[in-house]
Amino acid sequence: MNAPDFHLYIDSADIAQIEACLPHPVIHGVTTNPTLLRRADVTRATLPGLLSRCIERGARQVQAQVHSAEADGMLEDALELLRHFDEGQLVVKIPATRQGLQAGAHLIAQGVPVTWTAVYALEQAHFAAQLGAAYAAPYLGRLNDSGVDGLARIAQMQALVAQAPAARTRTRLLVASVRSRDAYLALLQLGVGAITIPPQLFAELMDHPATLEAERGFLADAAAC
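This write-up is about the structure you can find in this document. Not measured: the values here are computed from a predicted model. Note on numbering: residues in each chain are counted from 1, in written sequence order. The predicted origin of the model limits local features to residues at a pLDDT of at least 70 and limits the giving and counting of side-chain atom pairs to 80 or more, whereas totals for whole chains, interfaces and linings rest on all residues. To obtain the side-chain values, all non-hydrogen atoms of the structure were used and water was disregarded.

Considerations on the overall build of the chain
- For the purposes of this entry, the term helix denotes a DSSP run of H or I that reaches at least four residues, the term strand denotes a run of E that reaches at least two, and both are numbered from the N terminus. In terms of regular secondary structure, the chain is built from eleven helices and eight strands.
- Expected size for 225 residues packed as a compact globule is a radius of gyration near 17 Å; at 18 Å, the chain falls within 12% of this value.
- In terms of its C-alpha atoms, the chain occupies a principal-axis envelope of roughly 65 × 40 × 35 Å.
- When each of the 225 residues of the chain is scored for burial, the buried share is 47%.
- Counting contacts in the chain only where the partners sit at least 6 residues apart, residues at least 24 apart contribute 57% of the total.
- Surface summary for the chain: the accessible area is close to 11,400 Å², and the carbon and sulfur share equals 52%.
- In the chain, the 17 positive side-chain charges and the 22 negative ones have mean positions that sit 4 Å from each other. As defined in this context, the radius of gyration uses C-alpha atoms, and a globule is described by 2.2 Å times the residue total to the power 0.38. Burial status follows relative accessibility: with a 1.4 Å probe on protein chains alone, a residue under 20% of its type maximum counts as buried, one over 50% as exposed, and anything between as partly exposed. What makes two residues a contact is simply this: any of their non-hydrogen atoms within 4.5 Å. Per-residue and other accessible areas follow the Shrake-Rupley method at a 1.4 Å probe size, with only the shown protein chains counted as cover for residues. For this count, His and the chain ends are skipped, Lys and Arg are scored as positive, and Asp and Glu as negative. All charge positions are set by atom: Lys at NZ, Arg at CZ, Asp at CG, Glu at CD.

Thoughts on the sheet that holds strand S3 (residues 61-65)
- If DSSP finds at least two bridges between two strands, the strands pair. Spatial ordering of the closed barrel is given by S1-S2-S3-S4-S5-S6-S7-S8, a layout of eight strands whose pairing is parallel. Here the average twist between neighbouring strands, direction ignored, is 25°.
- In this structure, S3 lies alongside strand S4 (residues 90-95), joined through four bridges in parallel fashion. By the bridge assignment, Gln 63 is partnered in S4 with Val 91.
- Helix-sheet contacts for helix H4 (residues 71-82) involve S3 and S4, and the interaxial angle to S4 is about 160°. Interaxial angles span 0 to 180 degrees and are taken between N-to-C directions of axes, which are lines fitted to C-alpha atoms, for helices over the stretch in contact.

Observations concerning the side chain of Gln 61
- Tracing the sequence through the fold places Gln 61 in strand S3.
- In terms of polar contacts, Gln 61 uses its side chain to reach the side chain of His 28, at 3.0 Å.
- N or O atoms within 3.5 Å of each other form a polar contact, as long as, within protein, one can give a hydrogen and the other can take it, and as long as residues adjacent in sequence are counted only when both atoms are side-chain atoms. Of note is the side chain of Gln 61, whose polar atom sits 2.9 Å from the backbone oxygen of Gly 88.

Structure follows, in structure tokens:
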């Protein structure tokens, strides 16, 4: 089976940072999590407005995480978020716990795209693919911080995801905690299906000094013609 198209996400809840990146054709969407929301002073009540603004600015999908630790509460959180969006616009993020796998599987059966997040172990990526998740999200930087070779672990996860039979969609690894251009390029070489990056790294990937210098030269020559 052919690999799915690559999805690049911006990982932020700061609307000013997000709007500095969107709209742009290489960006598929915006990911958030409760930690990012807290840093940006976004509450549960204001979260739908933030995500709707991202859609208005050209994001094809946005991702938001449940708050409960129990499956029933996760489903309540998800339904409350989903009612603000058209079908397929919101991807529900759920930690890859025992309860999270149960809640996510229920949502997938209803046609809701799900990201299982905080994926650290190979079996978690395997379960996500077997159950038909849209995404499974390992954290590259945090894996490295824990003493694990993050790239090697993610390469193993990618192999498992690629081998799993497709359910309703081919599961993509959505790699988060990506801290440098070198890490981003290494992940592309592994063939992962999605990466989410902070706005600062997006600027680094877009704005190459040599290209900008060449452009200034071309513009100066054009003005002199």
